[in-house]
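# Geometric and topological summary
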Amino acid sequence: MSAYKSELLHVLASRGYIHQVSEPETLDELAASSAITAYIGFDCTAPSLHVGSLVQIMMLRWLQKTGHRPVALMGGGTTRVGDPSGKDESRRLLQDQVIEQNLRGIRAVFDKFLTFGNGPRNAVMANNADWLNTLNYIDFLREVGRHFSVNRMLSFESIKLRLDRQQELSFLEFNYMVLQAYDFVELFKRYGCVLQMGGSDQWGNIINGIDLGRRMMNAQLFALTSPLITTSSGAKMGKTAAGAVWLDPDMVCRNGTAHLRGRPACAHTTHCGGGCS
């Protein structure tokens, strides 16, 4: 769309935050006429978020500033599985105590950007471990799994790339998109959440959630993705990649900001002890 009516989409578009959006006219009309609830999920694979997540954080901030309610979803449950999107190999599985420690560090980042509380426009901090960790496997297969086509799942870029390269994709990872889709349904039930936002590499996972919400709840849900922040090599800047520029100042090497200027990235991902200058 060339011109949005809602302040939310107008601000996001003017700042270059929109890469793709589903049913833009309908979402724009909804955001212009009423307050909506939207969320972004963040897996707990590191003790902090990084510059690559800053666009998503600012999307939640502007969501709140334009009169809507943001939900920051902590992936306490999905982190135990690992998102295969954009990965050439399986993620290292983390112990529960490490996930919990990472979650506490990530929570602290959001206090600088969002206003939390009990008001109708106050931000909500949710954790998908609250519902995923207690699922009954057989019930989940019957109620949720039956709505997914393996043929369609195999066509998703994150899956197709791994298979085309003959790289191993575990059954655990293959289930990630099902769990993420279920998150959307659960947040719709709990908070009336109708919009999921994320990086452009999450489009397929978000569309799965929209489809599942329609099938299970007859709900009209929406997707909005932003461009990815990349390194000088063009690779996605992720929490588990070397040279990440952390939002926690205690984790930034003294030359941390140089990573954005095309200089060689520091390989350290915690307190720098490698003599960076």
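Above this text you will find the structure in question.
Residues numbered from 1 in each chain as written. Predicted model: local features only at pLDDT ≥ 70, side-chain atom pairs only at ≥ 80, totals over all residues. Heavy atoms only, no water.

Scanning the protein from terminus to terminus reveals 11 helices and six strands. Per-residue burial over the protein gives 49% buried out of 277 residues. Summed over all atoms, the accessible surface of the protein reaches about 13,500 Å², with 48% contributed by carbon and sulfur. (Helix = DSSP H or I, 4+ residues; strand = E, 2+ residues; numbered from the N terminus. Buried < 20%, exposed > 50% of the residue type's maximum accessible area, 1.4 Å probe, protein only. Areas by Shrake-Rupley, 256 points an atom, 1.4 Å probe, with all protein chains shown as cover.)

Quick look at the packing of aromatic side chains now. Applying the stated criterion to the full structure yields three aromatic pairs. Aromatic side chains Tyr39 and Phe184 sit 5.5 Å apart centroid to centroid with 70° between the ring planes, which places their arrangement in the edge-to-face category. With a gap of 145 residues between them, Tyr39 in strand S2 (residues 37-43) and Phe184 in helix H10 (residues 176-191) connect regions that are remote in the sequence. Its relative accessible area of 1% is what places Tyr39 among the buried residues. Judged by relative accessible area, which is 0%, Phe184 ranks as buried. With a centroid separation of 5.0 Å and 65° between ring planes, the pair formed by Phe42 and Phe110 is classed as edge-to-face. With Phe42 in strand S2 and Phe110 in helix H4 (residues 96-110), this pair connects stretches of sequence that are 68 residues apart. Neither residue differs from the other here; Phe42 and Phe110 are each classed as buried. Cation over ring: Lys65 sits above Trp62, and NZ or CZ is 5.2 Å from the ring centre. (Phe/Tyr/Trp six-rings, centres within 6.5 Å; stacked < 30°, edge-to-face > 60°. Lys NZ or Arg CZ within 6 Å of the ring centre and 35° of its normal.)

In this section: the packing of H10 against helix H11 (residues 203-217). Where H10 contacts H11, the axes come no closer than 8 Å and their chain directions differ by 55°. The orientation of H10 relative to H11 falls into the category oblique. Here the hand of the crossing between H10 and H11 comes out right-handed. Residues Tyr176, Met177, Gln180, Ala181, Tyr182, Phe184, Val185, Phe188 and Lys189 of H10 pack against Asn205, Ile206, Asn208, Gly209, Ile210, Leu212, Gly213, Met216 and Met217 of H11. Among the residues making up the contact of H10 with H11, the classes are represented as 12 nonpolar, five polar and one charged. (Axes fitted to C-alpha atoms, helices over the stretch in contact; angles between N-to-C directions. Parallel < 35°, antiparallel > 145°, perpendicular 65-115°, else oblique. Left-handed = near helix turned anticlockwise from the far one by under 90°. Contact = heavy atoms within 4.5 Å. Nonpolar A, V, L, I, M, F, W, Y, C, P; charged D, E, K, R; others polar.)

Across the sheet, six strands lie side by side as S1-S6-S5-S2-S3-S4; this open sheet has mixed pairing. In this open sheet, the two strands that pair with only one neighbour each are strand S1 (20-21) and strand S4 (124-127). Sheet analysis places strand S5 (residues 193-199) next to strand S6 (residues 222-226), joined by five bridges and oriented parallel. Of the residues in S6, the one forming a bridge with Met197 is Leu224. Here H11 sits on the sheet in contact with S1, S5 and S6, set at roughly 170° to S6. (Pairing = 2+ DSSP bridges.)

Opposite charge on two side chains allows them to pair when their charged atoms are near. The tally for this structure, following the rule as stated, stands at seven salt bridges. One salt bridge connects Glu186 with Lys189, and the closest N-O pair in it is separated by 3.7 Å. Of this pair, Glu186 and Lys189 both sit in helix H10, three residues apart, roughly one helical turn. With a relative accessible area of 44%, Lys189 lands in the partly exposed category. Among the salt bridges present, the one from Asp211 reaches Arg214, with a minimum N-O distance of 2.5 Å. Here Asp211 pairs with Arg214, and both are found in helix H11, just three residues apart, close to one helical turn. Looking at Asp211, the relative accessible area reads 17%, which means it is buried. Each member of the salt-bridge network shares a partner with another, and the members are Glu186, Lys189 and Arg190. (Salt bridge = Lys/Arg side-chain N within 4 Å of Asp/Glu carboxyl O.)

Another aspect to go through is a nonpolar patch on the surface. Residues Tyr137, Ile138, Leu141 and Phe171 make up a contiguous nonpolar surface patch of roughly 430 Å² in combined accessible area. Considering each element in turn, the nonpolar patch owes the most residues, three residues, to helix H6 (residues 137-143). Secondary-structure assignment places Tyr137 in helix H6. (Patch = residues over 30% accessible without salt bridge, like charges linked within 9 Å, V, L, I, M, F, W, Y side chains within 5 Å.)

Right, let's get into the environment of Ser48. Here Ser48 lies in the loop between S2 and helix H3 (54-65). What makes Ser48 buried here is its relative accessible area of 1%. In this structure the C-alpha to C-alpha distance between Ser48 and Leu103, which are 55 residues apart in sequence, comes to 8.1 Å.

Turning to H3, a few remarks are in order. Taking 1.5 Å of rise per residue, the 12 residues of H3 would be expected to cover 16 Å, and the 16 Å separating its terminal C-alpha atoms lies within 8% of that figure. Within H3, nine of the 12 residues are buried, which leaves the element mostly enclosed by the surrounding structure. Of all the residues in H3, the buried ones are Val55, Gln56, Ile57, Met58, Met59, Leu60, Trp62, Leu63 and Gln64. Tucked into the core, H3 has its buried residues touching helix H1 (7-14), S2, strand S3 (69-75), H4, S5 and S6. Count one or two residues on from H3 and you reach Gly67, which has phi positive near 95°. (Expected span 1.5 Å × (residues − 1).)

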